[in-house]
Structures are given as structure tokens and as C-alpha cells.
Amino acid sequence: MENMPKAFEEFSDARKNGFVKVKEFKDKGYKVVGTFCTFTPWELMDAAGAIGVSVCGVSDETTEDAEAHLPKNLCPLIKSSYGFAITNKCPYIYFSDLIVGETTCDGKKKMFELLGRIKNTHVMQLPPSSIGEESFNMWKSEILKLKERLENDFQVEITEEKIKESIKIKNEERRAAEEFYSLGKLCPPPLWGYDMQKVLEGISYSLDRKEGIVNLKSLTKAIRDKYEEGNKPVPKSAARILITGCPSGGVADKVVKSIEENGGVVVCYENCGGVKEKMTLVREDINPIDALTEKYLSVPCSVMSPNDGRLDLIEKLIDEYKIDGVIDITLQACHTYAIETFNVKERTNSKGVPYLNIETNYSPSDMGQLKTRIAAFIEML
Ligand code: BJ8
């Protein structure tokens, strides 16, 4: 972080700074929509003139509160976000006029039933497979239902033109994000993976999307310029790691820091928050509702069956980022990602690349054990 350009702070502090900004938007009369997942079609919220925000769910601060209603043996991400909601500790949920959730995994969809008792919640029914006409039609009708809900709740009309415009801007944001995370392809990379994650996280908290795109582009340029001037913070010898699996925001301090303090560097995040969503643009040459349906149905998440897209993506990223080792993060009690570890290990090893699975939660109790396992894995690379 010491060697990062000044603009870095804007992104690394974006979540915190967003607390104030979201209130300012509320005071100006904007509607706020809280989201949980990569399947949410953000373009619709943009087209409704609302501010989309990702709700808090990356610390164990509210886990105990959540466990008053939810089972202990549940994914930490679900407990954390629910805990932040019931304690009103997440300003993004607090200021949300509507929460949008999806029936992704069992834990999340049942949690949304409870959340619906305290917040205005809209749940999109996600088909269990991304393949076939039935799945497409089902997801399209859910996208149309969300559009209707936003129009009714916020008393606005979401025209085709507005959706097309939002698609364009969101695609531009994805392109800018790709330019940024592709910096990880450089050998050695011009930044640490911990810092990269902070910026990637910060993108969804840049509440003014157009301004966020400009800032992100200039940050990428500044990092590249410094690198070309000889500023190389990461040693050439660092083992290049690809992170895959569950969202890693809540375990970055445990996992990513351990990797980078033990001779490795995270050069790519395949998971949500990283490449998974951003790599596929929304088509601009077809009906915008069809384009959104196609795009969001193609997110290669483990809740989909089958989910071969994730394996193909990992294989591609291993080549593009010259990966030395893959670390697959499974959050405790996440069955879909846990079961996929078998296929991911098999595919990774078939490329001659070592694989490590880590099962963890948000508590610091396994920190020592994780460090030892990660250090041993990196030493072997
Ligand atoms: S698109 S990865 S954000 S569902 S909550 S499935 S970790 S048990 S977060 Fe996810 Fe959307 Fe997929 Fe991405 Fe497992 Fe926990 Fe469920 Fe989770």
C-alpha cells in the first residue's frame, strides 16, 4: 500500500466513505436499493434512477446477533449480512428503500424470508440451471418482475432507452475494471493482491458510477506509469496465486494476507468481486431485457447445476495470469462450493498446477492453522 498512487485511497476507503455519500443521496431524494449477490441486474436500478449498494457482510461483528435467529452452522456471509440488518449497523441496509435478493443457495433464500419481516424485500427466483429455454424464460420473467417492482415502489417508468443507457455505462465500468485487474498479468505484478481486492471491492461503493469509472481508469494508469518508471513492489520470485471459490471479502485478512506474507502474491480473483461477473459484458445489440437475462444467467456460480463455466474460466485464467497455484476458498457450510472443490482440484491439477482448498469462517480462531497450511503450500510451489 505504501507505494500505491494517491487515488488508491479513494477505492480502498470507498465502503467507509460511502456511508456518508449514501445519506447525502437519500437527503437529495434518491431511492436506495440494497443488494446481496452478483446475479442482481444493477442496470435496472440505475435505469430506475436509484442508487444500488452492496450490503455489509464481511465481518463477524454481528454474527452473535444473527445467531439469535439463524443456526450457528450457517455460512458466515449470510449470518454477517443478516446480523448487520437486524442490528441496523449497516448504513447501506438502513438507508435501503428496497432490498433485492435471489434464491441462490438454501441458506440465503431462507434468510431472505426472515429479512422480509423487517425490510422491504424483493426476492428473485433464480432457476437452478443456466441452460435451456425454460431457464431463460424463467429468469427473464423474474427480471421483468423486478422492473415492475422498482417502477411501482419508486413511482418511475423504466423505459427501454433508460435500460440501454444503463447497460452502456455499466459495461464501461466492467471494461475499466478489467483494465485494472488485468494489471495482475504483468510479471511481477505492479500491486499486491490485498490492495487489488480493496480496489475491486471499492468499485461497487463508488455511488456515482460515471465518476467511479474516471477514477478507476486514472488509478490503473497511475499504477502502470509508476511500474514503468521502475516501481516494482512485488518481488519476481513471489508465487502467483489465483483465488477462487466463495466471496473472499470477509476472509481477506486471514487468507490473502497470509499468502502475501509467506512468499506468494494474489494476481487474480476468479470469485465474485473479481473476474466472475466483470468479464462478460451485456450485449448492446439486442433487446435490453433479453440481454440482461442472458448476461446474469451466465454468472458461473456454484449454485447453478451444472457449472462448467467456472472450470473453463479457471483454466483460462491459469494460462492468462501464469498461475503457480490455485487457492479455493470455501466458507463454512457452503455446500455448493464445497462440493465443487472436487472438480476444481481435478481441473487445476490437469493443468499441472497445485491446488489448495481452505474451509474457513469469519472468526480469527483458525488464523494460525491457516497460516501454516498456506505457507507450506507456497513453499512447495
Ligand atoms: S453469484 S458466489 S454472490 S451466490 S451465501 S453460496 S458463500 S453458502 S455468496 Fe454468492 Fe451470488 Fe454465487 Fe456470487 Fe455459499 Fe454462503 Fe450461499 Fe454464498
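As shown above, the structure is provided for reference.
Bear in mind that the values here come from a model prediction, so they are computed numbers and not experimental data. (Residues numbered from 1 in each chain as written. Predicted model: local features only at pLDDT ≥ 70, side-chain atom pairs only at ≥ 80, totals over all residues. Heavy atoms only, no water.)

Enquirer: Sorry if this is basic, but what is going on with the overall build of the chain here?
Expert: The helix and strand tally for the chain stands at 17 helices and eight strands. Considering the chain as a whole, with its 381 residues, one finds that 54% of them fall into the buried category. Across the chain, every contact between residues at least 6 apart in sequence was considered, and the portion connecting residues at least 24 apart equals 74%. As displayed, the chain offers around 16300 Å² of accessible surface, 50% of which is attributable to carbon and sulfur atoms. Averaging the locations of the 51 positively and 59 negatively charged side chains of the chain gives two centres separated by 2 Å. (Helix = DSSP H or I, 4+ residues; strand = E, 2+ residues; numbered from the N terminus. Buried < 20%, exposed > 50% of the residue type's maximum accessible area, 1.4 Å probe, protein only. Contact = heavy atoms within 4.5 Å. Areas by Shrake-Rupley, 256 points an atom, 1.4 Å probe, with all protein chains shown as cover. Lys, Arg positive; Asp, Glu negative; His and termini not counted. Charge placed at Lys NZ, Arg CZ, Asp CG, Glu CD.)

Enquirer: Please clarify how the site of the ligand should be interpreted in this entry.
Expert: Taken together, 15 residues surround the ligand, and among them Cys37, Cys105, Cys272, Cys301 and Cys334 come closest. When its residues are assigned to classes, the shell around the ligand shows 12 nonpolar, two polar and one charged. (Near = heavy atom within 4 Å. Nonpolar A, V, L, I, M, F, W, Y, C, P; charged D, E, K, R; others polar.)

Enquirer: Can you walk me through the sheet that holds strand E8 (residues 355–360) in this structure?
Expert: The strand order E6-E5-E7-E8 describes an open sheet built from four strands, whose pairing is parallel. Strands at the two margins of the open sheet, each flanked by one partner only, are strand E6 (264–269) and E8. Sheet twist, expressed as the average angle between the axes of neighbouring strands with direction ignored, equals 30°. Note: strand E5 (residues 239–245) against E6, five bridges, orientation parallel. Bridge pairing links Ile241 to Val266 in E6. (Pairing = 2+ DSSP bridges. Axes fitted to C-alpha atoms, helices over the stretch in contact; angles between N-to-C directions.)

Enquirer: I keep staring at helix H16 (residues 335–350) and nothing clicks. Help me out?
Expert: For an α-helix the count is 3.6 residues per turn, leaving residues at separations of three or four pointing the same way. Over its 16 residues, H16 runs 24 Å from end to end, which matches the ideal 22 Å to within 8%, given 1.5 Å per residue. Along H16, the largest kink reaches about 35° and is centred on Thr341. When we look at burial in H16, the residues that qualify are Tyr337, Glu340, Thr341, Val344 and Thr348. Looking at the buried positions of H16, the neighbouring elements they touch are E5, helix H13 (275–278), helix H15 (308–320), strand E7 (325–331) and E8. Phi for Gly352, located one or two positions after H16, is positive at around 80°. (Expected span 1.5 Å × (residues − 1). Bend = angle between axes of the 7 residues up to and from the residue.)

Enquirer: Whenever I open this one, the pattern of salt bridges confuses me. Can you help?
Expert: Opposite charge on two side chains makes pairing possible when the charged atoms of those side chains draw close. What the rule picks out here adds up to 34 salt bridges. Two residues, Asp97 and Lys26, come together in a salt bridge whose shortest N-O distance is 2.8 Å. Here Asp97 is found in the loop between helix H6 (91–94) and strand E3 (98–102), whereas its partner Lys26 is found in helix H2 (residues 14–27), with 71 residues between them in sequence. Linking Glu340 and Arg310 is a salt bridge whose minimum nitrogen-to-oxygen distance equals 2.7 Å. Linking Glu340 in helix H16 with Arg310 in helix H15, this pair joins segments that are 30 residues apart in sequence. As far as burial versus exposure is concerned, Glu340 and Arg310 are alike and both buried. Where salt bridges share partners, they join Glu270, Lys276, Arg310, Asp328 and Glu340 into one cluster. (Salt bridge = Lys/Arg side-chain N within 4 Å of Asp/Glu carboxyl O.)

Enquirer: Sorry, what's going on with the sheet that holds E3 here?
Expert: Two orientations exist for strands paired in a sheet by backbone hydrogen bonds: parallel and antiparallel. The sheet built from four strands is open, its strands ordered E2-E1-E3-E4 with parallel pairing. Across the chains shown, the open sheet's two edge strands, defined by having one partner strand only, are strand E2 (51–54) and strand E4 (121–124). Within this sheet the neighbouring strands show an average axis-to-axis angle of 25°, counted without direction. Where E3 meets E4, four bridges bridge the pair, whose relative direction is parallel. Following the sheet pairing, Glu102 is matched in E4 by Met124. Packing of helix H8 (residues 133–154) onto the sheet brings it into contact with strand E1 (32–35), E3 and E4, and relative to E4 it is tilted by some 165°.

Enquirer: Hey, could you run me through the packing of aromatic side chains in this one?
Expert: Any pair of aromatic rings gets described here by the distance separating the centres and the angle formed by the planes. Counted under the stated rule, the structure contains five aromatic pairs. Centroid distance Tyr92 to Tyr205: 5.1 Å. Interplanar angle 40°. Geometry classified as tilted. Separated by 113 residues along the polypeptide, Tyr92 in helix H6 and Tyr205 in the loop between helix H10 (193–203) and helix H11 (209–228) bring together distant segments of the chain. Relative to Phe95, the ring of Tyr94 has its centre 5.1 Å away and its plane inclined at 80°; by these criteria the two rings are edge-to-face. Exposure remark for Phe95: the relative accessible area of 16% places this residue in the buried category. Ring-pair connections join several aromatic residues into one group, and the members of that group are Phe19, Tyr92 and Tyr205. Over the ring of Phe25 we find Lys28, and its NZ or CZ is 5.6 Å from the ring centre. Across the ring face of Trp42, the terminal group of Lys170 is positioned such that the distance to the ring centre comes to 5.2 Å. (Phe/Tyr/Trp six-rings, centres within 6.5 Å; stacked < 30°, edge-to-face > 60°. Lys NZ or Arg CZ within 6 Å of the ring centre and 35° of its normal.)

Enquirer: What is the right way to read the packing of helix H9 (residues 160–181) against helix H14 (residues 288–297) from this model?
Expert: For any two helices packed against each other, one specifies the crossing angle of their axes together with the interaxial distance. Between H9 and H14, whose axes approach to 10 Å, the crossing angle comes to 35°. Contacts between H9 and H14 involve Glu160, Ile163, Lys164, Ile167 and Arg174 on the former and, on the latter, Pro288, Ile289, Leu292, Lys295 and Tyr296. When grouped by side-chain class, the residues that make up the contact of H9 with H14 number six nonpolar, no polar and four charged.

Enquirer: What exactly am I supposed to notice about the pairing of E2 here?
Expert: Burial along E2 is two-sided: the residues Ile51 and Val53 and Gly52 and Ser54 are all buried. Where E1 meets E2, four bridges bridge the pair, whose relative direction is parallel. Among the inter-strand pairings, Val33 is bridged to a residue of E2, identified as Gly52. In this fold, E1 hands off to helix H3 (residues 42–47), which returns the chain to E2; that crossover is right-handed. (Right-handed = clockwise from strand over helix to strand, strands pointing away.)

Enquirer: What should I look at first to understand the environment of Thr87 in this one?
Expert: Structurally, the position occupied by Thr87 is in the loop between helix H5 (76–86) and H6. Classification of Thr87 as partly exposed rests on a relative accessible area of 24%. On a C-alpha basis, the gap between Thr87 and Ser54 in space is 17 Å, while along the polypeptide they are 33 residues apart. Not counting residues up to four positions away in its chain, the partners in contact with Thr87 are Thr62 and Asp65.

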